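Observations on the three-dimensional arrangement
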Amino acid sequence: MSSPNLTALALFASLACHLFFKKYEPTDVPRLVGLLIVPPAVVAYFCELESGNLAMSLLRSYSLYYSGLLFSILTYRISPLHPLSKYPGPLICKISKLWITRVASQGKLHQYVKSLHDRYGPIVRVGPNELSIIEVSLLPAILGSNGMPKGPLWDGRKISGKKGSQAKEAARGNLIGSRDPEDHAEARKAWNRAFNAAAIKGYEPILLRRVTQFIEALGSRQDATVDLSRWLSFFAFDFMGDIAFGGGFELMRDGDKDGMWHIMESGLFLPTLTQQIPWCIGFIPYLPVGKEMKALGKFAFDQSKRRVQEGSVHDDLFYYLLDDKRADSATYPFPLVVSNAVLAIVAGSDTSATVLSNTFFFLLTHPASYKRLQLEIDQAFPLGSKEPTDPALLANLPYLNAVIKESLRLLPPLPTSMQRAPTPGSGSKVIAPNFVVSEGTSIIVPPYSLHRDPRYFSPSPDEFIPDRWLADEKFTVNGDAFIPFSMGPANCAGKNLAMLELRMIMACVLQRFEVRLADGYDVRRWEAELKDYFVMQKGSLPVVLTSRAAQK
Ligand code: HEM
């Protein structure tokens, strides 16, 4: 009697475990380990009382439990009972997230997701419980003000190096990872103040100082090969340091002497994987991985500490976040300061540097666009008589804005990972008649695929054609499908500052230098080296700059 009992009990326990996982989606280590270890041991113990062979009972119980669990999960995921069964997608994506995690590890998720949309249409099942949607009419119900809050991806990106409740404390109040709509709205208020028109006006002198330093640094490296991509990163990082912490970074002056830039870049890899499989996040602090993320956390911690001790030298982001003039900043919860510091660095520097590098790459490979933009800048800001730094004038240069938009369209720096899911506890969210997103399902909106959809941008959606933004009737342009800064309540908080930064750097470089790609650079390398690690990571862009003043 012992064997049939053990078989039935172990299989029953595996089914119960599957139902529990499905309903509660536990991510904490004790519950996960408990569910995977305890039930088969209990089953084996009770069956052993009859069979008298504990070792054998354990072996059978564990094998049956894990086989049953696997069978139950896989069968359910491909069965018609699954709420996403009617949506098309590759079988391998329907049964597990591991495949997509592997694709993400290679940095080519953006291209893979686009290939799925090309094959299966605007709604694709990209995971057992995840859809990718590029149907423009559905965007407001997903991302808009009556849409959904952020999805479980953010649980998988909360790597702080801390364990259990300490990890929760470190993540609390971090705007970008906030999945509760009310908490998010609360956290967002300070960021909105920090990036309103008056605040941005206050950042202009800081930006100007950094742009001048950037131009001087490039000027002193004329006629030699310069990695423009690296210099743009250094510029953006130094500038975000000023904005976030009131200074402290001098990459343009000293290079990456402390290895911080390198740490920041490599620290982005692990969350790219864990965001796909958030249940594994609790295990990370116990594994010998995530070294870079911990180093980045320490770096942000040190910078935040310095900033809090020194007080603000100008109205920086922390001035607004801490409400410096009214509150004693030292009493502000420090984990919150640190998590927002990391957010400011990651959200504000890599994104802008990538867009700038992409835009230069497009111009350098499209000489007619380069010349046309340079002419527009020369006419508005003649070299030697007017610096291209007036924000209002820059905002009104049609071709400059068209070039930046086209670059953002083709290579949005957050190419795939804009994810939303029904509010936890809400049960479901109706996003269209007959389209109910049940809790447990998440939706990604991948701008890289959306922006290249011929229904919204044609002809030649994969080509760099800035003219499509200049109200030329021969182009179809659907502005609602252009979301490089996302949309709705969790859209980019720094959009206006980013646009100012992009315009000013582009105009200053083109006014002051002739730029060309270094000899021997293979232009196919640029896109090949772009990696979708949540924010797009880039390779090097070797160029040679020559002063235009010297040429005249
Ligand atoms: C060209 C440069 C930039 C692009 C394309 C960009 C794009 C984005 C996108 C797409 C999101 C939303 C993700 C989502 O919907 O899930 C976002 C969020 C955010 N961005 Fe940017 N960003 C840029 C620069 C900046 C800058 C300079 C800052 C300044 C610190 C910044 C701060 C933020 C913050 C704080 C959020 C989170 C907003 C929230 O959760 O409410 N970004 N960004």
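Residues numbered from 1 in each chain as written. Predicted model: local features only at pLDDT ≥ 70, side-chain atom pairs only at ≥ 80, totals over all residues. Heavy atoms only, no water.

Where an unreviewed UniProt entry is consulted, the chain appears under the name Cytochrome P450, with the organism given as Favolaschia claudopus. Reading the Cofactor (unreviewed entry) entry of the UniProt record for the chain gives the comment "heme". Under Pathway (unreviewed entry), UniProt gives the following word-for-word description of the chain: "Secondary metabolite biosynthesis." (UniProt positions renumbered as here; feature names shortened; annotations may be inferred.)

Quick look at the overall build of the chain
The helix and strand inventory of the chain stands at 25 helices and 13 strands. Expected size for 552 residues packed as a compact globule is a radius of gyration near 24 Å; at 26 Å, the chain falls within 12% of this value. Along the longest, intermediate and shortest principal axes, the C-alpha atoms of the chain span 95 × 55 × 45 Å. Here the chain holds 552 residues, and the buried ones make up 54% of them. Long-range contacts, defined as pairs at least 24 residues apart, comprise 74% of the intrachain contacts of the chain with a sequence gap of at least 6. Accessible area for the chain stands at about 24,000 Å²; split by element, carbon and sulfur atoms hold 59% of it. (Helix = DSSP H or I, 4+ residues; strand = E, 2+ residues; numbered from the N terminus. Rg over C-alpha atoms; globule rule 2.2 N^0.38 Å. Buried < 20%, exposed > 50% of the residue type's maximum accessible area, 1.4 Å probe, protein only. Contact = heavy atoms within 4.5 Å. Areas by Shrake-Rupley, 256 points an atom, 1.4 Å probe, with all protein chains shown as cover.)

Side note on the sheet that holds strand β10 (residues 513-517)
Ordered in space as β3-β13-β10, the three strands form an open sheet in which the pairing is antiparallel. Single-partner strands in this sheet number two, and they are β3 (225-227) and β10. Taken over all neighbouring pairs, the strand axes of this sheet differ in orientation by 40° on average, direction set aside. One ladder, built from three bridges, connects β3 with strand β13 (residues 542-547); its direction is antiparallel. Among the inter-strand pairings, aspartate 227 is bridged to a residue of β13, identified as proline 542. (Pairing = 2+ DSSP bridges. Axes fitted to C-alpha atoms, helices over the stretch in contact; angles between N-to-C directions.)

Structural notes on a nonpolar patch on the surface
Side chains of Val33, Ile37, Val38, Val42, Tyr45, Phe46 and Tyr66 sit close together on the surface and give an oily, nonpolar patch of about 620 Å² of accessible area. The leading source of residues in the nonpolar patch is helix α2 (residues 29-51), at six residues. Counting through the fold element by element, tyrosine 66 comes out in helix α3 (residues 54-78). Its relative accessible area of 34% is what places tyrosine 66 among the partly exposed residues. (Patch = residues over 30% accessible without salt bridge, like charges linked within 9 Å, V, L, I, M, F, W, Y side chains within 5 Å. Salt bridge = Lys/Arg side-chain N within 4 Å of Asp/Glu carboxyl O.)

Focus: the coordination of the iron atom of the ligand
On the protein, Cys492 (SG) is the one donor atom to the iron atom of the ligand, at 2.3 Å. Turning to its location among the elements, cysteine 492 is positioned in the loop between β9 (476-477) and α23 (495-512). (Donors = N, O, S within 2.8 Å, 3.2 Å for Na, K, Ca; no water.)

Points about unusual backbone geometry
That bond from serine 458 to proline 459 is cis: its omega, -5°, falls within 30 degrees of zero. Along the chain, the position of proline 459 falls in the loop between β8 (457-458) and β9. Here alanine 471, not a glycine, exhibits a phi torsion of approximately 50°, which is positive. By the element assignment, alanine 471 lies in the loop between β8 and β9. Using a relative accessible area of 74% as the deciding quantity, one classes alanine 471 as exposed.

Digging into the sheet that holds strand β1 (residues 123-127)
Across the sheet, which stays open at both edges, the four strands sit in the order β1-β2-β7-β4 with mixed pairing between neighbours. Where the open sheet ends on each side, the last strands, each with one partner, are β1 and β4 (418-420). Each adjacent strand pair in this sheet contributes to an overall mean axis angle of 30°, direction not counted.

A closer look at empty space enclosed by the protein
All told, the structure shown has one cavity of 30 Å³ or more when counted by the stated rule. Approximately 90 Å³ is the volume found for the largest cavity. Looking at the largest cavity, it is lined by 13 residues, and the ones nearest its centre are Lys97, Leu109, Glu130, Gln276 and Ile444. Of the residues in the lining of the largest cavity, the class split is six nonpolar, five polar and two charged. (1 Å grid on protein atoms, 1.4 Å probe; cavity = no way out; pocket = protein on both sides within 12 Å on 5 of 7 lines; lining within 4 Å. Points joined across faces, edges and corners; volume = space filled by probe spheres on them. Nonpolar A, V, L, I, M, F, W, Y, C, P; charged D, E, K, R; others polar.)

So, the nonpolar core
Grouped together as the largest cluster of nonpolar side chains are 126 residues, with contacts concentrated most on Tyr203, Phe214, Phe235 and Phe435. In terms of residues, this core owes the most to one element, helix α18 (residues 334-364), which gives 15 residues. Once you skip the residues sitting within four places of it in the chain, tyrosine 203 turns out to touch Ala194, Phe195, Ile243, Asp315, Asp316, Leu317, Tyr320 and Leu497. Counting residues in each nonpolar core, the second largest holds 11 residues, with Ile100, Val103, Leu116 and Val124 among its members. (Core = buried A, V, L, I, M, F, W, Y, C linked by side-chain atoms within 4.5 Å.)

Topic: the domain arrangement of the chain
Segmentation of the chain into domains returns domain 1 (3-78) and domain 2 (165-551). On a C-alpha basis, the centres of domain 1 and domain 2 stand 47 Å from each other. Contact residues are listed per partner, giving six residues for domain 1 and six residues for domain 2. For the pair domain 1 and domain 2, the summed buried area comes to about 440 Å², and 77% of that belongs to carbon and sulfur atoms. If you look at where domain 1 meets domain 2, you find zero residue pairs in polar contact (both at pLDDT 80 or more). When the residues that make up the side of domain 1 that touches domain 2 are grouped by side-chain class, the tally is four nonpolar, one polar and one charged. (Domains from an automatic or database assignment. Buried area = accessible area lost by both parts, 1.4 Å probe. Polar contact = N/O pair within 3.5 Å; in protein donor to acceptor, adjacent residues only side chain to side chain.)

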